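A look at the structure
Given next are the chains, with one letter for each unit.
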Amino acid sequence: MALLNFRRKEAPTAPTNSPEVEAFLKDYSIEVMPRTAEKVEDFTALLPAGTRVYIAHIEGTPIEDMVATAKRLAADGYNVMPHFPARIIKDRATLADWIARYQGEADVKQALLLAGGVATPHGDFSDSMQLAETGLFDEAGFTRLHVAGHPEGNRDIDATGTANVDAALKWKNDFQNRTDAEMAIATQFAFEAQPIIAWADSLRDSGITLPVHIGIAGPAKLQTLIKFAIACGVGPSLKVLQKRAMDVTKLLLPYEPTDVVAELAAHKAANPDFNITNVHFFPLGGIKTNANWAIENGGASTAPANAS
């Protein structure tokens, strides 16, 4: 039986820096890579204390660089969540080594498990479910595991439709129910609120109770966003950017996620049980730019760690 069969309340868009937006942005997370983190002199001047910081592991990045970034962020007081991309992990021994390094040097206890953007696996693993099934994260005392979600589908997994993606999320939901893992879905970014809302509601209706941390692209040049959106397989909501690109008065202005965040925030305020619980930022225009946008739009709830 579906958990939510009633009609959601329609909500107006919340103004920027409204109480609704501030509440929605509270406890947001952000993603970095070792090379982007190197450009930030002081994270505590930008991010609230205790922010969850994902460290994206791109193919070819040495594990030493990943662990060094994790160690730096942990020392600054942030909750570090490195990516574990299944298809670039050779075997169980490699996975165990990565876990041990993160724990030994940065006291990491949480991870994002994902297949990774590599067409051909480098070794024994091809998806995040295989990583979870090793039991290594549980044995190492990891308390939180996040998994990937795709509000607009994933053409690498499903050429048409969403059958495989949906089945994978149901498996992960069941995994949480039969283990002690605290889990959530961290999603790919999208640019339009209504399809995101419909997707999130469809998860709940199908019995998937994992909370959703919705991916939001941070402020960036329009050309940069379109490039990343196409590369990451963003679907129908890409038309929001394409429409903006056709308007010469907006073409040279940076994109900001004001509208999508405000609409999602208003929906959350009108529907407190809505299963999107957190915002996860992809700082495609730079970490500092994204962090400053959050501060300007979230007020006190997004004050940096060293704010007076």
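Residues numbered from 1 in each chain as written. Predicted model: local features only at pLDDT ≥ 70, side-chain atom pairs only at ≥ 80, totals over all residues. Heavy atoms only, no water.

Bringing the packing of aromatic side chains into the picture now. Here the structure, examined in full by the defined rule, presents 10 aromatic pairs. With centroids separated by 5.2 Å and ring planes inclined at 75°, the aromatic side chains of Y28 and F281 adopt a geometry described as edge-to-face. One end of the pair, Y28, is in the loop between α1 (19-25) and β1 (29-32); the other, F281, is in strand β8 (residues 276-282), with 253 residues separating them in the sequence. Of the aromatic side chains, those joined through ring pairs into one cluster are F84, W98, Y102, F137 and F142. Over the ring of W171 we find R178, and its NZ or CZ is 5.3 Å from the ring centre. (Phe/Tyr/Trp six-rings, centres within 6.5 Å; stacked < 30°, edge-to-face > 60°. Helix = DSSP H or I, 4+ residues; strand = E, 2+ residues; numbered from the N terminus. Lys NZ or Arg CZ within 6 Å of the ring centre and 35° of its normal.)

Here the focus is the environment of S206. With respect to the helices and strands, S206 occurs in the loop between α8 (193-205) and β7 (212-217). Separated by 40 residues in sequence, S206 and D166 have C-alpha atoms that sit 9.3 Å apart. From its side chain, S206 meets the backbone oxygen of L203 in a polar contact 2.8 Å long. (Polar contact = N/O pair within 3.5 Å; in protein donor to acceptor, adjacent residues only side chain to side chain.)

With that settled, the discussion passes to the confidence of the model for the chain. For the chain, the average pLDDT comes to 87, and 82% of its residues sit at 70 or higher. Counted against residues more than four places away or in other chains, residues 1-12, with its pLDDT under 50, gives 22 contacts. (pLDDT = per-residue confidence, 0-100. Contact = heavy atoms within 4.5 Å.)

Counting residues in hydrophobic clusters, the biggest one holds 79 residues, and the most contacted among them are F84 and F137. The leading source of residues in this core is α8, at six residues. With residues up to four places along the chain from it excluded, the contact list for F84 reads I89, L95, W98, I99, Y102, A111, L112, L113, L114, L131 and F137. Core analysis: the second largest hydrophobic core is formed by five residues, Y54, M81, L114 and A186 among them. (Core = buried A, V, L, I, M, F, W, Y, C linked by side-chain atoms within 4.5 Å. Buried < 20%, exposed > 50% of the residue type's maximum accessible area, 1.4 Å probe, protein only.)

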